Number of protein chains: 2
Amino acid sequence: MADSDTGGAEGVGAPAVRPPTDITRGRRPSTTREHIARQALDLFDRRGFDATTVDEIASAVGISRRTFFRYYDSKRDVVWGEFDAEMVRLRDQLMGAPRDEPMMEVLRRAVVATNRFGAGELDELRIRMGLISTVPALVAHSAVRYAEWCDVVADFVARRVGGSPKSLGPQTVARAALGAAMAAFACWARHDSDDLTGEVDRAFRLLATGFDEKPLRLWVTGDPQSSSSGS
Amino acid sequence: MADSDTGGAEGVGAPAVRPPTDITRGRRPSTTREHIARQALDLFDRRGFDATTVDEIASAVGISRRTFFRYYDSKRDVVWGEFDAEMVRLRDQLMGAPRDEPMMEVLRRAVVATNRFGAGELDELRIRMGLISTVPALVAHSAVRYAEWCDVVADFVARRVGGSPKSLGPQTVARAALGAAMAAFACWARHDSDDLTGEVDRAFRLLATGFDEKPLRLWVTGDPQSSSSGS
DNA sequence: TTCCATTTTGGCATTGAGTGCTATAAAGTC
DNA sequence: GACTTTATAGCACTCAATGCCAAAATGGAA
């Protein structure tokens, strides 16, 4: 009550910062999540994630340690950035697909679509993905951050094949799909394949064939050091 | 430098405890990993993982906090128990399979085989699996603990289809397979399906068909509460 | 201008995990 | 009994994360 509501069901990672409307009352925030993320990623990239303390990040941004934790719930969360927003897109993509399109095809196209990024974002994204797939603390945290992603996929699968989203079928599809996506991300972040969506597409095509060994063209693609082009 | 090495490349989870042979020199250990695990799991089960401090575990066992960390690298590692030993079995199963047997069939049988447990172990295993798949800190840690599992599978796949174990194909199979296994574990730990290997088998059969929607018999199995029969 | 409500910030204290160092206790050997 | 080996306990320390409260900053109202 006593609140000029305008919707604003957006404050997932930003607790009190970023009010729903642009009313400017009270003290203005001294920084932004984006600014903090840029400074932090720069430190992570140069000194390493574990070797960078929250105090150093806060000091680089020009805020106190306590304020840092008002913008991000943890040091790890900085690396994920605005990941939550992408989940809405994934759900829309999955639920908006025609019923007669095969399930795994919908899934593949949805994941590919939600992972298209502009050329300007790719450098920072590669740093993020590289950290997520190599630093143990972040590899660990990814399981928690991607849990909601799994829920979205499991809901979609449950609608298609029936049963509860918690039952074996939907859960297996969701977690296997997550594995495929993470494999694509990690491979893209490792070497310099500039084609992130291509890697995702290939991973999901492999998944949808049940990893059949016969179509070798699906297997010999993303291997930069061995295959010398051709074939 | 200045270090009398004796080999001993076995100390993964048990740093100084448990020497390779049974020579009894020096002070004898005052407890065992198993004893600590039992006490800790009991506390986790009753009070919750996060609400249980290492001090409480140590006090329950009758050792000091510092000694606890000589038996386990972290509080989370207690829940995994002797997980490392199973990895050797998995590798043996995978590498010992005949070349003409289909890859995904070998994988399914290997994972099923390494997850057979005696009736006496199932109660504790369910507690472990329940914690691993529900407590956020453990869900997170699972990504790190299962990384080696993924490496074993990726090595196996790379031998079959060629290329580096780090390339997209093997990585995708490995991570998707891990997802399938985790889904089976979680479903088994949730409800009271006493058939753990059955769940694993079903998950890997789904995976090997590329999650084809048509064979409905694969999808409608593990769904205890809903499924009022009829579509 | 002064007071007030609102919102962000910063400092302080606290908890808890995890690590390094050192002294001590227990066991066998000479 | 002296010596070596091994495990333990205790202490100090770092760092992430949280709760609490006072102070600062901003706009609006009296």
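As the structure is a prediction and not an experimental result, all values here were calculated from the model. (Residues numbered from 1 in each chain as written. Chains lettered and ligands numbered in written order. Predicted model: local features only at pLDDT ≥ 70, side-chain atom pairs only at ≥ 80, totals over all residues. Heavy atoms only, no water.)

**Q** Tell me about the protein's contact with DNA strand C, and name the residues and values.
**A** Near DNA strand C lie 28 residues; those nearest to it are S30, T67 and R70 of chain A together with R65 and R76 of chain B. Of what DNA strand C places within 4 Å of the protein, 59% of the atoms are sugar or phosphate. Between DNA strand C and the protein, one listed contact pairs a phosphate oxygen with a backbone N or O atom of S30 of chain A at 2.7 Å. Here a base oxygen of DNA strand C and a side-chain polar atom of R70 of chain A are 2.4 Å apart. Those elements that place two or more of their residues in the surface near DNA strand C are α3 (65-71) of chain A together with α3 (65-71) of chain B. (Near = heavy atom within 4 Å. Polar contact = N/O pair within 3.5 Å; in protein donor to acceptor, adjacent residues only side chain to side chain. Helix = DSSP H or I, 4+ residues; strand = E, 2+ residues; numbered from the N terminus.)

**Q** Before we move on, could you go through the nonpolar core and cite the residues and values that matter?
**A** Formed by 135 residues in total, the largest nonpolar core has its most connected members in W149, L207 and F211 of chain A together with W149, L207 and F211 of chain B. Here the element with the most residues in this core is helix α10 (residues 168-190) of chain B; it accounts for 14 residues. With residues up to four places along the chain from it excluded, the contact list for F211 of chain B reads M103, M104, T172, V173, A176 and L207 of chain A together with L206 and W219 of chain B. (Core = buried A, V, L, I, M, F, W, Y, C linked by side-chain atoms within 4.5 Å. Buried < 20%, exposed > 50% of the residue type's maximum accessible area, 1.4 Å probe, protein only. Contact = heavy atoms within 4.5 Å.)

**Q** Go over the protein's contact with DNA strand D with me, naming the residues and quoting the values.
**A** Around DNA strand D lies a shell of 30 residues, among which R66 and R76 of chain A together with T67, R70 and Y71 of chain B are the nearest. Counting only the atoms of DNA strand D within 4 Å of the protein, the fraction contributed by sugar and phosphate is 61%. Between DNA strand D and V54 of chain A there is a distance of 3.4 Å, counted from a phosphate oxygen to a backbone nitrogen or oxygen. At the level of elements, α3 of chain A together with α3 of chain B are the ones that each hand at least two residues to the surface near DNA strand D. Counting residues per element, the surface near DNA strand D draws most heavily on α3 of chain B, which supplies four residues. For the surface near DNA strand D, the class distribution of residues is seven nonpolar, eleven polar and twelve charged. (Nonpolar A, V, L, I, M, F, W, Y, C, P; charged D, E, K, R; others polar.)

**Q** Could you give me a rundown of the confidence of the model for chain A, with the residues and numbers involved?
**A** All names here are of chain A. Confidence in the prediction of chain A, expressed as mean pLDDT, is 87, and 85% of residues score 70 or more. Counting contacts from residues 1-21, a segment whose pLDDT is below 50, to residues more than four positions away or on other chains yields 14 contacts. Between residues 222-231, whose pLDDT stays under 50, and residues either more than four places distant or in other chains, the model counts nine contacts. (pLDDT = per-residue confidence, 0-100.)

**Q** Could you give an account of the interface of chain A and chain B, with specific residues and numbers?
**A** The interface is formed by 46 residues belonging to chain A together with 47 residues belonging to chain B. For the pair chain A and chain B, the summed buried surface comes to about 3,600 Å²; carbon and sulfur atoms form 71% of the total. Area buried by chain A at its contact with chain B is led by L168, R175 and F211 of chain A, which between them contribute 19% of it. Every element with two or more residues in the side of chain A that touches chain B is listed here: α6 (103-113), α8 (136-145), α9 (147-161), α10 (168-190) and α11 (196-208) of chain A. Here the residues of the side of chain A that touches chain B sort into 26 nonpolar, twelve polar and eight charged. (Buried area = accessible area lost by both parts, 1.4 Å probe.)

**Q** Give a detailed account of the relation of the copies chain A and chain B, specifying residues and quantitative values.
**A** Superposition of the two copies of the chain requires a rotation about an axis and a shift along the axis. Structural alignment of chain A on chain B gives an RMSD of 0.1 Å, achieved by rotating through 180° and translating 0.0 Å along the axis. Put plainly, the chains are arranged around a two-fold axis. (Least-squares fit on C-alpha atoms with pLDDT ≥ 70 in both.)

**Q** Just give me the short version of the pattern of salt bridges, but keep the residues and values in it.
**A** The final tally for this structure, using the stated rule, is 28 salt bridges over all chains. In this structure, R126 of chain B engages D194 of chain B in a salt bridge whose closest nitrogen and oxygen atoms are separated by 3.1 Å. On the criterion of sequence distance, the pair formed by R126 of chain B in helix α7 (residues 119-132) and D194 of chain B in the loop between α10 and α11 (196-208) is long-range, its members being 68 residues apart. Shared partners join several salt bridges into a network, and the residues in it are D77, D84 and R145 of chain A. (Salt bridge = Lys/Arg side-chain N within 4 Å of Asp/Glu carboxyl O.)

**Q** Could you give me a rundown of the packing of aromatic side chains, with the residues and numbers involved?
**A** The description of two aromatic rings rests on the distance between their centres and on the angle between their planes. Taken as a whole, this structure holds ten aromatic pairs over all chains when the rule is applied. Between F68 of chain B and F69 of chain B, the aromatic rings sit 5.3 Å apart at their centres with planes inclined by 85°, giving edge-to-face as the arrangement. Cluster of aromatic residues (ring-pair linked, three or more members): F68, F69 and Y72 of chain A. Positioned above the aromatic ring of W188 of chain A, the side-chain terminus of R126 of chain A is 4.4 Å from the ring centre. Its end group placed over the ring of F49 of chain B, K75 of chain B keeps NZ or CZ at 4.5 Å from the ring centre. (Phe/Tyr/Trp six-rings, centres within 6.5 Å; stacked < 30°, edge-to-face > 60°. Lys NZ or Arg CZ within 6 Å of the ring centre and 35° of its normal.)

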